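What the coordinates show
Chain by chain, the residues:
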Amino acid sequence: MQQKAWIDHKKECQHLKLMTPAVPDEAVRLLSRIIYKIRRGVLEAKEWNQFENYPERTIHHVISHRELIKNDPAMKRKVATILYETRRFMANDSPSDDDILEIYGKVIMNAFVICDELNQPMYVGCGMYIGPCIMDHSCYPNAIITFSGITLNVRAGTDIAVNDHKHTFISYAELLAPREERRAQLQPDYYFHCECTQCSNDDIDRMMLSTKCPNAECDAPIIRIGDDFQPCTACTCSNFSAIYESSVDEITRWSPAVYHILQQGEHNGKEPQAILRECVKYLQRQAGVLHPKWNVHVIRFKDLAARCHFRMKAWTEAARLVLDTLEAKRKYFPPNHPNISLQLYFAGRALMHTGKAKEGFCYLEEASAMISMTHGSDDPLVALQTEDIINNFLLLSFNDCTI
């Protein structure tokens, strides 16, 4: 593997030495590697063919949207920076600006974020995979992308009737988000307006944005159609004051931005205690306004708080928060999605640490079966799951013997 990579890296290494102590952006390094591969005639990924009727696929078939990017005001500064930094890094080896922009367009439209689900930080880098990038997006995907090191794996999350890339969908966007937010992410990044089955499902989107019934004795969600809140289906309450309506609008407006700031702090290594304090504060502001079980803005803050509790080994609170959001995730994510399996896994681990071995065992078993399907039985995550199940089984057996 190292010997194979050295063919392109030796050129990169020379450029890195010339730039020292400056370090080029990872996008510039990826661009330079692709350019050197193209010059060597490495254009296709022959080893990747998981579909029937799979078309010939080379780097030249990958869509770049070069003209859209060139004429996009929001991309103007970023494009200028990429062109400058690529020329600076590759020096005399640099191709024309048009060629750089063509390859850059292919990268930002088609590159995959490489993740390590076993370790922190999860983000490893980004890579260009010519075969898998043929698959289109859906906010309710039927296929799952996982990584073994830098090897990309695609597995069906559910039965797919036709073994064809036109019927196989992955996700380009965050799925635990309302339709407007998903589309706002996809349009500027990929230049399309999503009309997938999930985006066409008004009922799901309304539930994702559901609010708390003004009747304090009622737990049912309130649905909003356009600007109008619908009467509660459980208690028939329809007393929606101007204060209630303005509170919903205000909290719905700031929740996504605040969440992403806190999430970025987590990725940057901010202390979990500090992030948790913020989560608790904003969850208190959402309480009584947004629905505590079904509203995605509440769910995301609870997820973040749960991860903080895990890092702090506060198992009881971690288990409570993880289980709080599980039913909603089963509704919003497609069957066997990794987000659900990891949720089950964390629920099992947290419950095991609180002494609830039987309950934890059930969640770990379900998670293990799901992860085996989406990741493959030889994935390291499955081995970790199996180890947890064995430990939990031994703990359960020991407790039964000592009663």
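That block above? That's the structure.
Residues numbered from 1 in each chain as written. Predicted model: local features only at pLDDT ≥ 70, side-chain atom pairs only at ≥ 80, totals over all residues. Heavy atoms only, no water.

1. Notes on the overall build of the protein chain
Note the cut-off: Segments assigned H or I by DSSP are reported as helices when at least four residues long, segments assigned E as strands when at least two residues long, and all are numbered from the N terminus. Think of it in three bands: residues with accessible area under 20% of the maximum for their type are buried, residues over 50% are exposed, and the middle band is partly exposed, with areas taken using a 1.4 Å probe on protein chains only. Pairs of residues are marked as contacts when any of their non-hydrogen atoms sit within 4.5 Å.
Helices and strands together make up the secondary structure of the protein chain, namely 14 helices and 10 strands. When each of the 403 residues of the protein chain is scored for burial, the buried share is 46%. Sequence-distant contacts in the protein chain: of pairs separated by 6 or more residues, those separated by 24 or more amount to 63%.

2. Concerning the pairing of strand β5 (residues 151-156)
Filter applied, for reference: Note on pairing: two strands pair once DSSP finds at least 2 bridges between them.
Sheet topology note: the strand β4 (residues 143-148)/β5 ladder contains six bridges and is antiparallel. Residue pairing in the sheet places Ile-145 in a bridge with Val-154 of β5. Hairpin connection from β4 to β5: two residues lie between these consecutive antiparallel strands, with Gly-149 at a positive phi of about 65 degrees.

3. Re the side chain of Ser-255
Test applied: Polar contacts, as used here, are pairs of N or O atoms within 3.5 Å; protein pairs need one atom able to donate a hydrogen and one able to accept it. Residues neighboring in sequence count only if both atoms are side-chain atoms.
Mapped onto the elements of the fold, Ser-255 is located in helix α8 (residues 242-267). By relative accessible area, which is 1% here, Ser-255 ends up buried. Side-chain polar atoms of Ser-255 contact the backbone oxygen of Ile-251, separated by 2.7 Å. Discounting residues that sit within four places of it in the chain, Ser-255 has contacts with Gln-286, Leu-290, His-297 and Phe-301.

4. What to know about the packing of aromatic side chains
Formally: The pairing test for Phe, Tyr and Trp rings, Trp by its six-membered ring, is centres within 6.5 Å, and the orientation test on the planes gives stacked under 30 degrees, edge-to-face over 60, and tilted for anything in between.
One pass over the full model with this rule turns up 15 aromatic pairs. Three or more aromatic residues joined by ring pairs form one cluster here, namely Trp-254, Tyr-259, Tyr-282 and Phe-301.

5. Re unusual backbone geometry
The peptide bond linking Thr-20 to Pro-21 adopts the cis configuration, its omega dihedral lying at 10 degrees. With respect to the secondary-structure elements, Pro-21 resides in the loop between α1 (2-19) and α2 (26-39). Even without being a glycine, Ala-91 presents a positive backbone phi close to 50 degrees. A positive phi angle, near 65 degrees, is found at Asn-336, a position not held by glycine. Secondary-structure assignment places Asn-336 in the loop between α11 (315-332) and α12 (338-353).

6. Observations regarding the environment of Ala-319
Within the element layout of this structure, Ala-319 appears in helix α11. Its relative accessible area of 5% is what places Ala-319 among the buried residues. For the pair Ala-319 and Gln-343, spaced 24 residues apart in the sequence, the C-alpha separation amounts to 10.0 Å. Residue contacts for Ala-319: discarding those within four places in its chain leaves Ala-350 and Leu-351.

7. Looking at the pattern of salt bridges
Note the following rule: By definition, a salt bridge exists where a carboxyl oxygen of Asp or Glu is found within 4 Å of a side-chain nitrogen of Lys or Arg.
One pass over the structure, following the stated rule, counts 23 salt bridges. Where Glu-278 meets Lys-281, a salt bridge forms, and the shortest distance between an N and an O atom there is 3.3 Å. Highlighted residues: Glu-278 and Lys-281, both in helix α9 (residues 272-286), separated by three residues, approximately one helical turn. With a relative accessible area of 36%, Lys-281 lands in the partly exposed category. Through salt bridges that share partners, Arg-66, Glu-67, Lys-70, Asp-98, Glu-102 and Lys-106 make up one connected network.

8. Here's the deal with the packing of α11 against α12
Quick reminder of the rule: Where helices are involved, their axes are fitted lines through C-alpha atoms of the stretch in contact, as for all axes, and angles between N-to-C directions lie from 0 to 180°. Note on terminology: angles under 35 degrees are roughly parallel, angles over 145 are roughly antiparallel, angles of 65 to 115 are roughly perpendicular, and the others are oblique. Handedness of a helix crossing follows the sense of rotation of the near helix relative to the far helix, less than a right angle counterclockwise being left-handed and clockwise being right-handed.
Where α11 contacts α12, the two axes come as close as 9 Å, and the packing angle between them is 150 degrees. When the axis of α11 is compared with that of α12, the two are roughly antiparallel. Read as a crossing pair, α11 and α12 show a hand that is left-handed. From α11, Trp-315, Ala-318, Ala-319, Val-322, Leu-323, Thr-325, Leu-326, Lys-329 and Arg-330 reach across to α12, where they touch Asn-339, Ile-340, Gln-343, Leu-344, Ala-347, Ala-350, Leu-351 and His-353.

9. Re helix α13 (residues 357-375)
Worth spelling out the cut-off: One less than the residue count of a helix, multiplied by 1.5 Å, gives the span that helix is expected to have.
Taking 1.5 Å of rise per residue, the 19 residues of α13 would be expected to cover 27 Å, and the 25 Å separating its terminal C-alpha atoms lies within 8% of that figure. Every buried residue of α13 is accounted for by Ala-357, Gly-360, Phe-361, Leu-364, Ala-367, Ser-368, Met-370, Ile-371, Thr-374 and His-375. Two residues or fewer after α13 comes Gly-376, characterised by a positive phi angle close to 95 degrees.

10. Here we look at the packing of α2 against helix α4 (residues 76-90)
For any two helices packed against each other, the geometry is given by the interaxial angle and the distance between the axes. Here is the rule we go by: Any residue outside Ala, Val, Leu, Ile, Met, Phe, Trp, Tyr, Cys, Pro, Asp, Glu, Lys and Arg is labelled polar, Gly included; the first ten of those are nonpolar and the last four are charged.
With their axes 10 Å apart at the nearest point, α2 and α4 run at an angle of 60 degrees to one another. Comparing the axis directions of α2 and α4 gives the class oblique. With respect to the hand of their crossing, α2 and α4 are arranged in right-handed fashion. Along the contact surface, α2 presents Ala-27, Val-28, Leu-31, Ser-32, Ile-35, Tyr-36 and Arg-39, while α4 presents Ile-82, Glu-85, Thr-86, Phe-89 and Met-90. Taken together, the residues that form the contact of α2 with α4 break down as eight nonpolar, two polar and two charged.

11. Quick notes on helix α10 (residues 296-311)
For α10, spanning 16 residues, the distance from its first C-alpha to its last is 23 Å, which sits close to the expected 22 Å at 1.5 Å a residue. In terms of burial, α10 is a largely internal element, 14 of the 16 residues being buried. Taking the backbone nitrogen of His-297 as reference, a side-chain oxygen 2.9 Å away marks Asn-295 as the first, capping residue of α10.

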